[in-house]
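Remarks on the overall topology
Below are the chains, spelled out letter by letter.
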Amino acid sequence: MGRGTSPPPPAPPPPHPHPHPELPPMNALEILRETVRILRADPSPFMSILALLLCPVSAALLLSNALPGAAASAARALARRLALLAVSSGLPPAHLLRQLSLHLAGSLVSAAVCFPFLLTLLLLARAAIAYSVACSYAAKHVVPSQFLSSVVPRIWRRLLYTYLCVCVAVSACLALFLALLLLVCNLFAVMLYPPEIIVYPALLTVLAFSMAYAHTIIICNLATVISVLEEVSGPQAVLRSVRLIKGQTQAGLLIFLGSTIGLAFVEGLFEHRVKTLSYGDGSSRLWEGPLLVLMYSFVMLVDSMMSAVFYFTCRSSSIELLGENDTVADEEAILIELEENK
């Protein structure tokens, strides 16, 4: 080596897998494919979550409307009150109105009955799914004992706070819809329009509520993932979700639509194949109950995994750079601790 020449610089160390991959913007179908790829790459943690956490929640949700007793009577009483309130506002007493009132009342009663399961098992399942997806992108193996002993105590308080804020947001959206529907119907009734005409502005109000409700659920699901992977919670997680989802609303709506159709399809099968034993002795249908619970749990698993993948693609495509390193510090600390304890 001649004089005056410097030795070549040392080779850089191999890159460490970052917990946040640079994913390109994806549509709903591409997010579904990415979800299937993650599930096939390491199915054991997700199948454990499905069996231990999601199946009990699914069984509780499906059985809450099927078991007779106080819950069923409360749902029927609430449905009658809702139907009477709608008819007094000017809507015609049609069969569709009674069915919608019964469905809404059943959903509210079911959510109230299953609230302990939603507050514990479902929250823990969503946290575990988001953490497992993050570990998959960081090329790390999921250690259940490490997750329960170190990660859950760190994230549980902000996850619970975010979920309570989500419940308030969904309840406010529903209350606003009922108030707006009554206002529109009463306004047209005061203008002496017949009930057959009042149905049309009521349907437009329901359509507008459906879009607002879908956006609310998308934002709330993303906020739940954010509260697991970032050091924000509550209203801050919701606001960050609103910022991240900009430009990705169409993909989020399609994810919501697909999961809603899947869950409704399984609920309909459970209603007609298990709950309704109208012909024969009905015993041949009872074995379908566990199968439908498993199907319902799998749809919930895929929906939660798609929400986690949706978070990563929204974060990668977001133009928001200020404070990005601070908000992901907690997730990096979680994964570094997992790496040290291997």
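Remember, it's a predicted structure, so these values are computed and weren't measured experimentally.

Thresholds applied
- Residues numbered from 1 in each chain as written.
- Predicted model: local features only at pLDDT ≥ 70, side-chain atom pairs only at ≥ 80, totals over all residues.
- Heavy atoms only, no water.
- Helix = DSSP H or I, 4+ residues; strand = E, 2+ residues; numbered from the N terminus.
- Buried < 20%, exposed > 50% of the residue type's maximum accessible area, 1.4 Å probe, protein only.
- Contact = heavy atoms within 4.5 Å.
- UniProt positions renumbered as here; feature names shortened; annotations may be inferred.
- Polar contact = N/O pair within 3.5 Å; in protein donor to acceptor, adjacent residues only side chain to side chain.
- 1 Å grid on protein atoms, 1.4 Å probe; cavity = no way out; pocket = protein on both sides within 12 Å on 5 of 7 lines; lining within 4 Å.
- Points joined across faces, edges and corners; volume = space filled by probe spheres on them.
- Nonpolar A, V, L, I, M, F, W, Y, C, P; charged D, E, K, R; others polar.
- Axes fitted to C-alpha atoms, helices over the stretch in contact; angles between N-to-C directions.
- Parallel < 35°, antiparallel > 145°, perpendicular 65-115°, else oblique.
- Phe/Tyr/Trp six-rings, centres within 6.5 Å; stacked < 30°, edge-to-face > 60°.
- Core = buried A, V, L, I, M, F, W, Y, C linked by side-chain atoms within 4.5 Å.
- Expected span 1.5 Å × (residues − 1).
- Bend = angle between axes of the 7 residues up to and from the residue.
- Salt bridge = Lys/Arg side-chain N within 4 Å of Asp/Glu carboxyl O.

So, on to the overall build of the chain. Counting its secondary structure elements, the chain contains twelve helices and zero strands. In the chain, the succession of α and β elements from N to C terminus is α-α-α-α-α-α-α-α-α-α-α-α. Buried positions account for 43% of the 342 residues belonging to the chain. Nonlocal contacts in the chain, meaning residues at least 24 apart in sequence, comprise 82% of its contacts between residues at least 6 apart.

If you check UniProt for "transmembrane region" (unreviewed entry), the listed places come out as residues 46–66, 78–97, 160–193, 199–229, 250–270 and 290–312 in our numbering. Across residues 78–97 one finds 70% helix and 0% strand; the C-alpha atoms that close the span lie 13 Å apart. Helix makes up 91% of residues 160–193 and strand 0%, and the two end C-alpha atoms of the span are 47 Å apart.

Attention now moves to the side chain of Ser-132. Considering the arrangement of structural elements, one finds Ser-132 in helix α5 (residues 115–137). Here the side chain of Ser-132 touches Ala-128 through a polar contact of 2.7 Å, landing on its backbone oxygen. Residues in contact with Ser-132, not counting those within four places in the same chain, are Pro-45, Phe-46, Ile-49 and Val-142.

Scanning the entire structure with this criterion turns up one cavity of 30 Å³ or more. Of the volumes computed, that of the largest cavity is approximately 90 Å³. Forming the walls of the largest cavity are Ile-217, Ile-218, Asn-221, Leu-222, Gly-252, Ile-255, Phe-256, Asp-303, Ser-307 and Phe-310. At the level of elements, α7 (195–229), α9 (249–275) and α10 (288–317) are the ones that each hand at least two residues to the lining of the largest cavity. At four residues, α7 tops the list of elements feeding residues into the lining of the largest cavity. Class assignment for the residues of the lining of the largest cavity results in six nonpolar, three polar and one charged.

Where α7 contacts α10, the axes come no closer than 9 Å and their chain directions differ by 80°. Compared by their axis directions, α7 and α10 come out roughly perpendicular. Contacts between α7 and α10 involve Ile-218, Asn-221, Leu-222, Val-225, Ile-226 and Leu-229 on the former and, on the latter, Ser-307, Ala-308, Phe-310, Tyr-311 and Phe-312. Taken together, the residues of the contact of α7 with α10 break down into nine nonpolar, two polar and no charged.

Turning to the packing of aromatic side chains, a few remarks are in order. Within the structure shown, the criterion is met by eight aromatic pairs. Members of the aromatic cluster, connected to one another through ring pairs, are Phe-177, Phe-209, Tyr-213 and Phe-256.

With that out of the way, let us pick up the packing of helix α1 (residues 28–41) against α5. Between α1 and α5, the shortest axis-to-axis distance is 11 Å and the interhelical angle comes to 85°. With respect to α5, the element α1 is oriented roughly perpendicular. Residue-level inspection shows Glu-34, Arg-37 and Ile-38 of α1 in contact with α5, the latter providing Val-133, Ser-136 and Tyr-137. For the contact of α1 with α5, the residue count by class is three nonpolar, one polar and two charged.

Moving on to the nonpolar core. One finds Val-133 and Phe-310 to be the most contacted residues of the largest nonpolar core, which totals 71 residues. Mapped onto this core, the elements with two or more residues apiece are α1, α2 (43–64), α5, α6 (144–190), α7, α8 (235–244), α9 and α10. Ignoring anything within four residues of it in the chain, the contact list for Val-133 reads Ile-38, Phe-46, Ala-308, Val-309 and Phe-312. Of all hydrophobic cores here, the second largest spans eleven residues; its members include Leu-97, Cys-173, Ala-202 and Phe-209.

This next bit is on α2. Here α2 is 22 residues long and its end C-alpha atoms lie 30 Å apart, about the 32 Å a rise of 1.5 Å per residue gives. If you look at α2, its biggest bend is around 45°, right at Leu-54, and the proline Pro-56 turns up within four residues after that.

Along the chain, Leu-54 falls in helix α2. In this structure, the C-alpha to C-alpha distance between Leu-54 and Ser-297, residues 243 residues apart in sequence, is 5.4 Å. Not counting residues up to four positions away in its chain, the partners in contact with Leu-54 are Ile-49, Leu-122, Ala-125, Ile-129, Ser-297, Met-300 and Leu-301.

Between the first and last C-alpha of α9 there are 37 Å, a value that for 27 residues agrees with the 39 Å anticipated at 1.5 Å per step. Those residues of α9 not exposed but buried are Ala-251, Gly-252, Ile-255, Phe-256, Ser-259, Gly-262, Val-266, Phe-270 and Val-274. Those residues of α9 hidden inside the fold are in contact with α1, α2, α7 and α10.

So, on to the pattern of salt bridges. Here the idea is simple: oppositely charged side chains can pair when their charged atoms come close. Throughout the structure, instances matching the rule amount to two salt bridges. Residue Glu-34 is joined to Arg-37 by a salt bridge in which the shortest nitrogen-to-oxygen separation is 2.8 Å. Residue Glu-34 and its partner Arg-37 are both found in helix α1; the two are separated by three residues, about one turn of the helix. When its relative accessible area of 12% is taken as the criterion, Glu-34 is described as buried. Residue Arg-240 pairs with Glu-230 through a salt bridge whose shortest N-O separation is 2.4 Å. Of the two residues, Arg-240 is situated in helix α8 and Glu-230 in the loop between α7 and α8; the sequence distance between them amounts to ten residues. Residue class for Arg-240 comes out buried when judged on its relative accessible area of 2%. Glu-230 sits in the buried class, given a relative accessible area of 0%.

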